[in-house]
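Notes for the structure review
Each chain is listed here by its residues.
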Amino acid sequence: MIVWVNGAFGSGKSTLVDELRPRWPGALVYDPEMVGYVLREIVEVPTGDFQDLRLWRRQVANLAVGLVEEYRRPVLVPMTLVNPGYVGEIFSTLKDAGIDVHHFFLKVSREVLEKRIDGRIHAPGDPEREERVRRWCKDRIEPCMAAADTLPSDTVFLDGELTPQELADQLLARIGAGPG
């Protein structure tokens, strides 16, 4: 089983997964951004967004399949993924491999997203890079919010302004996984 936690930057994806970890100790956590960071060290990313690399999408899906097949454990994936073509590409690979995919999207207001993004430290000691990262995250708020209408019909929308504990309770209840 894969539990994909989706939403805009600042919506609380990683915070929710951090809350789930001790409550679901058998689950693995897989952050597809790591695949992007590795690829960025090897090849140029012309658009600046590694999700635009076909290889990133293929590797993300294949590694997720491999984790489930090799370790036979649930996999938690905190990752913003809103391009409908990319969602279809990755999720169809997962489903074609016979993996149950539970897709959650954290809905959060623009104001809260901006406040959360501004409250994070992205590049300690590098104010110019800090501003670039914040701007990049904020520039993607609107496309992420608009994409909610294009996500798969089985996507479960959660109120990302709830506490991490409340969100974890809802998510675990939704997939039928009890605490511990």
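Everything discussed here concerns the structure shown above.
Let me begin by describing the structure that accompanies this report. (Residues numbered from 1 in each chain as written. Predicted model: local features only at pLDDT ≥ 70, side-chain atom pairs only at ≥ 80, totals over all residues. Heavy atoms only, no water.)

**Overview of the sheet that holds strand β1 (residues 2-7)**
Hydrogen bonds between backbone atoms are what pair the strands of a sheet, whose relative direction is either parallel or antiparallel. A sheet is described by the order of its strands in space; here 5 strands give the open sequence β2-β3-β1-β4-β5, paired in parallel fashion. The open sheet has two free edges, formed respectively by β2 (28-29) and β5 (156-159), since each of these has just one partner strand. As judged from the 6 bridges shared by β1 and strand β4 (residues 101-107), these two strands associate in the parallel manner. When the sheet's bridge partners are listed, G7 is paired in β4 with L106. Lying over the sheet, helix α3 (residues 54-71) contacts β1, β2 and β3 (75-78), oriented at roughly 145° with respect to β1. (Pairing = 2+ DSSP bridges. Helix = DSSP H or I, 4+ residues; strand = E, 2+ residues; numbered from the N terminus. Contact = heavy atoms within 4.5 Å. Axes fitted to C-alpha atoms, helices over the stretch in contact; angles between N-to-C directions.)

**Considering the nonpolar core**
I2, W4, W56 and I90 are the most contacted members of the largest nonpolar core, which has 40 residues in total. Elements that contribute at least two residues to this core include exactly β1, α2 (33-42), α3, β3, α4 (84-96), β4, α5 (110-118) and α7 (141-147). Ranked by residue count, the leading element in this core is α3, at 7 residues. Look past the residues within four positions of I2 in its chain and what remains in contact with it is A64, V68, V75, V77, L94, I99, D100, V101 and H102. Grouped together as the second largest cluster of nonpolar side chains are 18 residues, L20, L167, L171 and I175 included. (Core = buried A, V, L, I, M, F, W, Y, C linked by side-chain atoms within 4.5 Å. Buried < 20%, exposed > 50% of the residue type's maximum accessible area, 1.4 Å probe, protein only.)

**Examining the environment of T15**
Examined against the element boundaries, T15 turns out to sit in helix α1 (residues 13-23). Expressed as a C-alpha distance, the spacing of T15 and P164, which sit 149 residues apart in the sequence, is 6.7 Å.

**So, the layout of surface pockets**
Gaps between atoms show up when a probe of the same size as a water molecule is rolled over them. Looking at the largest pocket, its volume works out to about 980 Å³. What lines the largest pocket is a set of 34 residues, among which F9, E33, Y37, W136 and C137 lie closest to the centre. Where the lining of the largest pocket is concerned, the elements lending two or more residues are α1, α2, α6 (127-139) and α7. For the lining of the largest pocket, the element with the most residues is α6, which contributes 5 residues. Taken together, the residues of the lining of the largest pocket sort by class into 14 nonpolar, 10 polar and 10 charged. (1 Å grid on protein atoms, 1.4 Å probe; cavity = no way out; pocket = protein on both sides within 12 Å on 5 of 7 lines; lining within 4 Å. Points joined across faces, edges and corners; volume = space filled by probe spheres on them. Nonpolar A, V, L, I, M, F, W, Y, C, P; charged D, E, K, R; others polar.)

**Topic: the side chain of E19**
Checked against the element boundaries, E19 lands in helix α1. The exposure class of E19 is buried, given its relative accessible area of 19%. Ignoring any residue separated from it by four or fewer positions in sequence, one finds E19 in contact with P164, Q165 and A168.

**With respect to unusual backbone geometry**
With a phi close to 50°, R72 is a non-glycine residue in the positive phi region. Overall, R72 belongs to the exposed group, its relative accessible area being 67%.

**Some details on the pattern of salt bridges**
It is possible for side chains of opposite charge to pair when their charged atoms get near one another. Evaluated as defined, the whole model comprises 10 salt bridges. Ionic pairing is found between R23 and D169, a salt bridge with its closest N-O pair at 2.0 Å. Here D169 lies in helix α8 (residues 164-175) and R23 lies in helix α1, a separation of 146 residues in the sequence. Overall, R23 belongs to the buried group, its relative accessible area being 16%. Here E114 makes a salt bridge to R110, at a shortest N to O gap of 3.4 Å. Of this pair, E114 and R110 are both found in helix α5, 4 residues apart, which corresponds to roughly one turn of the helix. Assessed through its relative accessible area of 28%, R110 is described here as partly exposed. What emerges from the salt-bridge pattern is a single network uniting E19, R23 and D169. (Salt bridge = Lys/Arg side-chain N within 4 Å of Asp/Glu carboxyl O.)

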